[in-house]
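If you want the building blocks of each chain, they are given just below.
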Amino acid sequence: MSLAGLRQGKPEHAGHGEAGEQPHEVAADIHFAAPFSKENAGMDESVPGGAYNFAYLDEETKRMIRRAILKGIAIPGYQVPFASREMPMPYGWGTGGVQVSAACLTPDDSFKVIDQGADDTTNAVSIRKFFERTAGVETTERTAEATVIQTRHRIPETPLTEGQILVYQVPIPEPLRFLEPRETETRRMHALEDYGLMHVKLYEDIARHGEIATAYAYPVKVEGRYVMDPSPIPKFDNPKMEMAAIQLFGAGREQRIYAIPPYTRVVSLDFEDHPFVAGKAPHDCALCGASDTYLDEIITDDAGSRMYVCSDTDHCATRQEAAA
Amino acid sequence: MTPLLSVQGIRKTYGFRIGCTDVGFDLYPGEVMGIVGESGSGKSTLLSCLAGHLTPDQGSVVFDTRAEGPRDTVTMSEPERRMLGRTDWAFVHQNPRDGLRMSVSAGGNVGERLMAVGARHYGQIRETATDWLGRVEITEDRIDDRPRAFSGGMQQRLQIARNLVSGPRLVFMDEPTGGLDVSVQARLLDLLRGLVREMGLSALIVTHDLAVVRLLAHRLMVMKSGRVVETGLTDQVLDDPQHPYTQLLVSSVLQV
Ligand SMILES: [Zn+2]
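A quick note: this is a predicted structure, and the numbers were derived from the prediction, not measured.

Here's the deal with the coordination of the zinc ion
Residues and elements named next belong to chain A.
Thinking step 1. At this site the zinc ion is bound by C285 (SG), C288 (SG), C310 (SG) and C316 (SG), with donor distances of 2.2 to 2.3 Å.
Thinking step 2. One can describe the donor arrangement at the zinc ion as tetrahedral, given that its 4 donor atoms subtend angles of 103 to 116° at the metal.
Thinking step 3. Sequence positions of the residues that donate to the zinc ion give the spacing C-x2-C-x21-C-x5-C. Remark: C310 occurs in strand 12 (residues 306-310) and C285 occurs in the loop between strand 10 (266-268) and strand 11 (295-299); sequence separation between them is 25 residues. Considered together, C285 and C310 belong to a single accessibility category, that of buried residues.

Some words on the pattern of salt bridges
Thinking step 1. A complete count under the given rule lists 41 salt bridges over all chains for this structure.
Thinking step 2. A salt bridge links K12 of chain B to D57 of chain B; the nearest nitrogen and oxygen atoms lie 3.9 Å apart. Of this pair, K12 of chain B sits in strand 1 (residues 5-14) while D57 of chain B is found in the loop between helix 1 (43-51) and strand 4 (58-65), placing the two residues 45 residues apart along the sequence.
Thinking step 3. Residue class for D57 of chain B comes out partly exposed when judged on its relative accessible area of 40%.
Thinking step 4. With a closest N to O distance of 3.0 Å, R126 of chain B and D144 of chain B form a salt bridge. Here the residue R126 of chain B occupies a position in helix 5 (residues 122-135), and D144 of chain B occupies one in the loop between helix 5 and helix 6 (152-164), the gap between them amounting to 18 residues.
Thinking step 5. One connected set of salt bridges, linked through shared partners, spans E185, R188 and D194 of chain A together with E78, R82 and R86 of chain B.

Side note on the confidence of the model for chain A
Thinking step 1. Mean pLDDT over chain A: 86, with 84% of residues reaching 70 or higher.
Thinking step 2. In the model, residues 1-49 of chain A has pLDDT below 50 throughout and makes 103 contacts with residues more than four positions away in sequence or in other chains.

Some remarks on helix 6 of chain B
Residues and elements named next belong to chain B.
Thinking step 1. With 13 residues, helix 6 extends 19 Å from end C-alpha to end C-alpha; this agrees with the ideal 18 Å at 1.5 Å per step.
Thinking step 2. Along helix 6, the residues that are buried comprise G153, M154, Q155, Q156, R157, L158, Q159, I160, A161, R162, N163 and L164.
Thinking step 3. In this structure, the buried side of helix 6 is in contact with strand 6 (89-92), helix 3 (96-99), helix 4 (106-116), helix 5, strand 7 (170-174) and helix 7 (182-199).

Quick look at the interface of chain A and chain B
Thinking step 1. Facing 21 residues of chain A, the contacting portion of chain B comprises 23 residues.
Thinking step 2. Counting the surface lost from both chain A and chain B, the interface buries some 1,900 Å², and carbon and sulfur atoms represent 55% of this.
Thinking step 3. Across the contact surface, chain A and chain B share 5 salt bridges.
Thinking step 4. Its salt-bridge partner being D194 of chain A, residue R82 of chain B comes within 2.9 Å of it at the nearest N-O pair.
Thinking step 5. The leading source of residues in the side of chain A that touches chain B is helix 7 (residues 196-209) of chain A, at 9 residues.

Section: the sheet that holds strand 9 (residues 219-224) of chain B
Residue and element names in this part refer to chain B.
Thinking step 1. If you trace the 6 strands from one edge of the open sheet to the other, you get 6-7-8-3-9-10, paired in mixed fashion. This sheet does not close on itself; its edge strands, each paired only once, are strand 6 and strand 10 (227-233). Along the sheet, successive strands turn relative to each other by an average axial angle of 15°, direction set aside.
Thinking step 2. As defined by bridge partners, strand 3 (residues 32-36) adjoins strand 9 across 4 bridges and the pair is classed as parallel. In the sheet register, M33 faces strand 9, and the bridge partner there is R219.
Thinking step 3. The strands that helix 6 touches are strand 6 and strand 7; relative to strand 6, the one it contacts most, it runs at about 170°.

Calculation rules
- Residues numbered from 1 in each chain as written.
- Chains lettered and ligands numbered in written order.
- Predicted model: local features only at pLDDT ≥ 70, side-chain atom pairs only at ≥ 80, totals over all residues.
- Heavy atoms only, no water.
- Donors = N, O, S within 2.8 Å, 3.2 Å for Na, K, Ca; no water.
- Tetrahedral: all angles 85-135°; square planar, octahedral: opposite > 155°, others 65-115°.
- Helix = DSSP H or I, 4+ residues; strand = E, 2+ residues; numbered from the N terminus.
- Buried < 20%, exposed > 50% of the residue type's maximum accessible area, 1.4 Å probe, protein only.
- Salt bridge = Lys/Arg side-chain N within 4 Å of Asp/Glu carboxyl O.
- pLDDT = per-residue confidence, 0-100.
- Contact = heavy atoms within 4.5 Å.
- Expected span 1.5 Å × (residues − 1).
- Buried area = accessible area lost by both parts, 1.4 Å probe.
- Pairing = 2+ DSSP bridges.
- Axes fitted to C-alpha atoms, helices over the stretch in contact; angles between N-to-C directions.

See below:
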């Protein structure tokens, strides 16, 4: 099983990026729509010539992140604090996920980035280019061919396998935050398994909407112990979290990493008389005909005509190719 | 009979200042004890020590637990103490904002303790919440409203329902009628008295208001400068106070 960057003892390729490259050039090459500062770009001064270390972060930082990842894997669902580094991109653009990916990648990896299921959004393209430039890794849009997949808002439709790593970008790691803003208190609740509040949230949902209306970031209990925020994936994806691949979650601004090891029990919280339902739009994909995928609604003309297509663009394209 | 709560030698200091010291008493099932004194007398510090919100420097607070009999709650593990705090114990704060979740509906507030101990049937939780709202005179059509839409007296009644829903055996109350209008206070006291009797609750009520203890408490403990200066049956203490401080307290009420 490839643990990629977790494989200790594998020599790191310092300065794997193009030697002599200046930080602002790399940064300028990442086409982020939001502003970023050159100060954020930083550079590893320990590397001669000012070149980036392999995958941008210096070795000490990567080791620190790997320790956090290993601890996260050892305690599934537990939020491990880590010293998040400034990255040459603003918070909210996946700095947590990028740092986790940087700590996992090896030169042999094949890297895929998806944003809302698509490989071609600005965010996905930027992160993919970032690692092409700083790590020189091969990139792919094929889920099955990727060894490390960084994602925002989706789990790929193609089932992941042993040896793959799925890295989630997480905005708010604390599932109890919305009802209990004090971090000292939420930490104690996790420590004491005091999770009544989580069901209060679901109770409120039903009281107000007649059903559990939470459609994204639907809370789960991991291996019967920690309640965890799965990041803003649709609840449709929740059942997929019991998978063969390693799942790692990185929250940059909040400085937390957590993990789900392969084949871990992940249960979506619910009530006996209001059981969890993954849910899905009552349509088939207009492009590939799939009836079992998460669909995006697309407005096709000014008259408001709409069609439903797979949000996972690689999955949809692969199915269309197979049918052709 | 085993006391429900047996308190011995409680002392809490803040640096050189004494919060409370040398406090001991037994509280028996179904008994309501009033702790009276002026502000700064140490009564609130004492209540916090007894309820596990503060750790006393010395002393023991032995509670007769359902499962294992008498246990010292001071030395018990935090998870155990917390479990007590959401099952057999209840705490009614003076300010309902401290005891309610203001962003959660009345039904959610009442249901939280049920869910905390594993209730997972929405319909049953709601039914119980409805029942409890009724018992504190909040009509069913307010069940989905948030507490900030309630009057002060109604918020306090909601806090009481939220606490009593788990069927606790011991209720700590910190100035439960403080900050309310006199007419609202009277109604709340009537309600509390009814519930205490009906449920056979034991309670510790901290207050500076002798009218509250006159109506609710069987026994009284008078505190001054962190120490207990007089104890006894409520009527006895109020009608025939022995300690000069108690005499002063009682006479100051009579003068009003
Ligand atoms: Zn499709």
